[in-house]
Amino acid sequence: MPQASTAPRTRWTNWAGNQSAHPAKVVTPGTAEELAKEITRAADQGQGVKAVGSGHSFTAIASAEGGVLVRPYAMTAVRAIDREAGTVTVEAGLPLARLNRVLAAAGLSLTNMGDIEAQTVAGATSTGTHGTGRDSGSLAAQIRALEIVLADGSVRHCSPTEDPRLFHGARLGLGALGVITAVTLAVEPAFLLTAHEQPMRFDEVLDRLDDLTAVNEHFEFYWFPHTDRCSTKRNNRSQGPAAPLPRFKSWLEDDFLSNTVWEGACRVGRRFPRSVPTIASLASRAWSDRSYTDTAHKVFTSPRKVRFTEMEYAVPREELAGVLRELKAMIERSDWRISFPVEVRFAPADDLWLSTASGRDTAYIAVHLYRGTAERGYFTEVEKLMTAHRGRPHWGKLHTRDAGYLAEVYPHFADFTALRDEVDPRRVFGNDYLRRVLGA
């Protein structure tokens, strides 16, 4: 049976610490049927229901204030690996880190993923988590089937051939259609990636963007504000042999320097803002030229221990260079002191209704602030710039857009809200965030 806590002081807080909620009840169901009972009970009592994974969203998308909070800790099984079909079916609460290790042990891999693996499978796919790729899109784009519990307590299975309309909406459904209990993802034989990391000048990166994104399977870069320096990363498949970073070098550069030392530098910058340009200059020069070859998920992901808040917008790929030059000029004429680099990634157009890459080749621009740093208009002005270029905000990262704006930039927005009206007319899965972005 589900375990529940009804203590009135129960408090949920996200990873960044910028969102919190006080649910009336917390449940940890072990099966879809147990979850269905909790949902129907909550609906009968007029309570909302929200599922939350690792809390890596910066928005309040998973907030269950005054309602029922579903923790998926007991739903982490690997249900099936189908080598012939090239799929794996896992339960919604399985963390990506564990999924990666299960697949590696079976000689399999996801085609693409983001740069952290702390999220749960359903949390990552439902918010549009993505990496960077010339030909391969977000995690949600790799979904082949779903199991989801709807507001009436029914357990539904959907795929391109079984209840396809629900499938189109639920692959990236923001938790607005129901609670996902299992996901079938496309997988392929395990492969190696060679990563080549290289510092480059800002103008050189933008002048060579077409070539860099065309010849590399996965290209991304970081620009350090207050400098003209970028760190670029190109990941391409390799026939091997594997040549991973030596263990000490990996710990020193990717953990100690990128987390422990960086945390200290961010604290100094927060306390003494005038030091930030100097810190940025030093940090941009610390990223050296290096190459290594390793298992795909070890190249895609890195440890991220420094806590921050983030805004990310998806803009049309062809407008990226102009947007970044505007962003650079805006920072240079301001009195902001931005310690975190600006992250830029890419994705091909896809057919998911609420994907930030829906119907158009896309570039992602992410801006960050170290935890506790005053915003001072940085995110506000960045958002104005992005929306002037038809930008679409990442669903799990900070933004102020509402349904009126989003309906204009998503061609299938009305299809999604119509589906929501059918499967959750009483808004059992609603909360303040979804009321803002999807409408009441």
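Numbering of residues starts from 1 in each chain and follows the order in which that chain's sequence is written. The predicted origin of the model limits local features to residues at a pLDDT of at least 70 and limits the giving and counting of side-chain atom pairs to 80 or more, whereas totals for whole chains, interfaces and linings rest on all residues. Just so you know, side-chain values use all the structure's heavy atoms and leave hydrogens and water out.

Undergrad: Looking at this structure, how should I read the overall build of the protein?
TA: Starting at the N terminus, helices and strands are each numbered in turn, a helix being any DSSP run of H or I of at least four residues and a strand any DSSP run of E of at least two. Regarding its fold elements, the protein presents 14 helices and 21 strands. Each radius of gyration reported is based on C-alpha atoms, and the globular scaling rule is 2.2 Å times the count of residues to the power 0.38. Radius of gyration (C-alpha) of the protein: 21 Å, near the 22 Å computed for a compact globule of 440 residues. Considered along the principal axes of its C-alpha atoms, the protein spans approximately 60 × 50 × 40 Å. Contact between two residues is taken to exist if any of their heavy atoms lie within 4.5 Å; hydrogens are not considered. Here the analysis covers contacts within the protein between residues at least 6 apart in sequence; of these, 72% occur between residues at least 24 apart. Summed over all atoms, the accessible surface of the protein reaches about 18000 Å², with 51% contributed by carbon and sulfur. Taken as two groups, the 53 positive and 52 negative side-chain charges of the protein have centres that lie 6 Å from each other. All accessibility values rest on the Shrake-Rupley procedure with a 1.4 Å probe; residue burial counts only the protein chains present in the view. Neither His nor the chain termini are counted; the positive set is Lys and Arg, and the negative set is Asp and Glu. By convention, the point assigned to a charge is CZ for Arg, NZ for Lys, CD for Glu and CG for Asp.

Undergrad: Can you walk me through the pairing of strand β14 (residues 192–201) in this structure?
TA: Consecutive residues of a regular strand have side chains that alternate between opposite faces of the sheet. Two strands make a pair as long as DSSP finds a minimum of two bridges between them. Looking at chain direction, β14 and strand β16 (residues 229–238) are connected through 10 bridges and run antiparallel. Note that in β16 the partner of T194 across the bridge is N236. When β14 meets strand β17 (residues 290–295), the two strands line up antiparallel, connected through six bridges. Within the sheet, the bridge partner assigned to L193 lies in β17 and is D294.

Undergrad: Could you clarify how one ought to interpret the sheet that holds strand β12 (residues 179–186) in this entry?
TA: The strands making up a sheet are joined through hydrogen bonds of the backbone, oriented either antiparallel or parallel. The strand order across the open sheet built from five strands is β7-β8-β12-β10-β11, with neighbouring strands paired in antiparallel fashion. Single-partner strands in this sheet number two, and they are β7 (78–82) and β11 (155–158). Adjacent strand axes in the sheet meet at a mean angle of 10°, parallel and antiparallel pairs treated alike. As defined by bridge partners, strand β10 (residues 143–149) adjoins β12 across six bridges and the pair is classed as antiparallel. Fitted lines through C-alpha atoms serve as axes, helices being fitted only where they are in contact, and the angles separating the N-to-C directions of these axes extend from 0 to 180 degrees.

Undergrad: It is not clear to me how the packing of helix α10 (residues 320–332) against helix α11 (residues 378–387) should be interpreted in this structure. Could you clarify?
TA: It is the contact of α10 with α11, at a shortest axis distance of 11 Å, that shows an interaxial angle of 150°. Classified by the angle between their axes, α10 and α11 sit roughly antiparallel to one another. Considering how the two elements wind past one another, α10 and α11 form a crossing that is right-handed. Of the residues in α11, those in contact with V323, E326, L327, M330 and I331 of α10 are Y378, E381, V382, L385 and M386. Here the term charged refers only to Asp, Glu, Lys and Arg, the term nonpolar to Ala, Val, Leu, Ile, Met, Phe, Trp, Tyr, Cys and Pro, and the term polar to all other amino acids, Gly among them. Class assignment of the residues belonging to the contact of α10 with α11 gives a composition of eight nonpolar, no polar and two charged. Should an angle lie under 35 degrees it is considered roughly parallel, over 145 roughly antiparallel, and from 65 to 115 roughly perpendicular; all remaining angles are considered oblique. Note on convention: the crossing is left-handed when the near helix lies turned anticlockwise from the far helix by less than a right angle, right-handed when the turn is clockwise.

Undergrad: Is there a simple way to explain helix α1 (residues 32–44) in this structure?
TA: Taking 1.5 Å per residue as the helical rise, α1 with its 13 residues ought to reach 18 Å, and the 18 Å between its terminal C-alpha atoms agrees with that figure. Structurally, α1 contributes buried residues whose contacts are with β4 (25–27), β5 (49–51), β6 (68–70), β10, β11 and β12. Multiplying 1.5 Å by the helix residue count minus one yields the expected span of that helix.

Undergrad: Which parts of the structure should I look at to understand the pairing of strand β20 (residues 362–370)?
TA: Each residue gets one of three labels from its accessible area relative to the maximum for its type: buried under 20%, exposed over 50%, partly exposed in between, using a 1.4 Å probe on protein chains only. Buried residues dominate β20, accounting for nine of its nine residues. The two faces of β20 match: T362, Y364, A366, H368 and Y370 on one face and A363, I365, V367 and L369 on the other face are all buried. With five bridges joining them, strand β19 (residues 342–347) and β20 adopt antiparallel strand pairing. Bridge pairing in β20 links R345 to Y364.

Undergrad: Is there a simple way to think about the confidence of the model for the protein in this case?
TA: Atomic detail in the predicted coordinates should be set aside for any region of low pLDDT. Every residue carries a pLDDT, the predictor's confidence in it, which falls somewhere between 0 and 100. With 96% of its residues at a pLDDT of 70 or more, the protein shows a mean pLDDT of 93. In this model, residues 4–8 is a region of pLDDT below 50 whose contacts with residues beyond four sequence positions or in other chains number nine contacts.

Undergrad: Teacher, can you tell me more about α11 here?
TA: Owing to its 3.6 residues per turn, the α-helix brings residues three or four apart onto one side. Among the residues of α11, Y378, F379, V382, E383, L385 and M386 are the ones counted as buried. All buried residues of α11 lie within an arc of 160° about the axis, which places them on one face of the element. Packing partners of the buried residues in α11 comprise β18 (308–316), α10, β19 and β20. Think of it as the arc spanned by the lines of direction from the helix axis to the C-beta atoms.

Undergrad: Would you explain the pattern of salt bridges in this entry?
TA: Every case where a carboxyl oxygen of Asp or Glu lies within 4 Å of a side-chain nitrogen of Lys or Arg is listed as a salt bridge. Per the counting criterion, the structure on display carries 28 salt bridges. Its salt-bridge partner being E343, residue R345 comes within 3.5 Å of it at the nearest N-O pair. Of the two residues, R345 and E343, neither departs from the other in class, the shared state being buried. A network of salt bridges, in which partner residues are shared, links E310, E312, E343, R345 and K397.

Undergrad: Looking at this model, I keep getting lost on the side chain of E117. Mind explaining?
TA: Looking at the secondary structure, you find E117 in the loop between β9 (108–109) and α3 (121–126). A relative accessible area of 16% means that E117 is categorised as buried. If near-sequence neighbours (up to four positions away) are discounted, E117 is found in contact with L96, A97, N100, R101, H297 and T301.

Undergrad: Explain the packing of aromatic side chains here, please?
TA: Ring pairs (aromatic) are described by centroid distance and by the angle formed between their planes. Stacked, edge-to-face and tilted are the three classes for Phe, Tyr and Trp ring pairs, Trp counted by its six-membered ring, which pair at centre distances within 6.5 Å; planes under 30 degrees apart are stacked, over 60 edge-to-face, the rest tilted. Within the structure shown, the criterion is met by 10 aromatic pairs. Site record: aromatic cluster; members linked through ring pairs are W15, F58, F308 and F340.

Undergrad: Could you clarify how one ought to interpret the sheet that holds β17 in this entry?
TA: With antiparallel pairing, eight strands are arranged side by side in an open sheet as β17-β14-β16-β15-β19-β20-β18-β21. Looking at which strands have only one partner, the edges of the open sheet turn out to be β17 and β21 (392–393). With two bridges joining them, β18 and β21 adopt antiparallel strand pairing. By the bridge assignment for β21, Y313 is matched with P393. Lying on the sheet, α10 is in contact with β15 (218–223), β18, β19 and β20; it crosses β20 at an angle near 20°.

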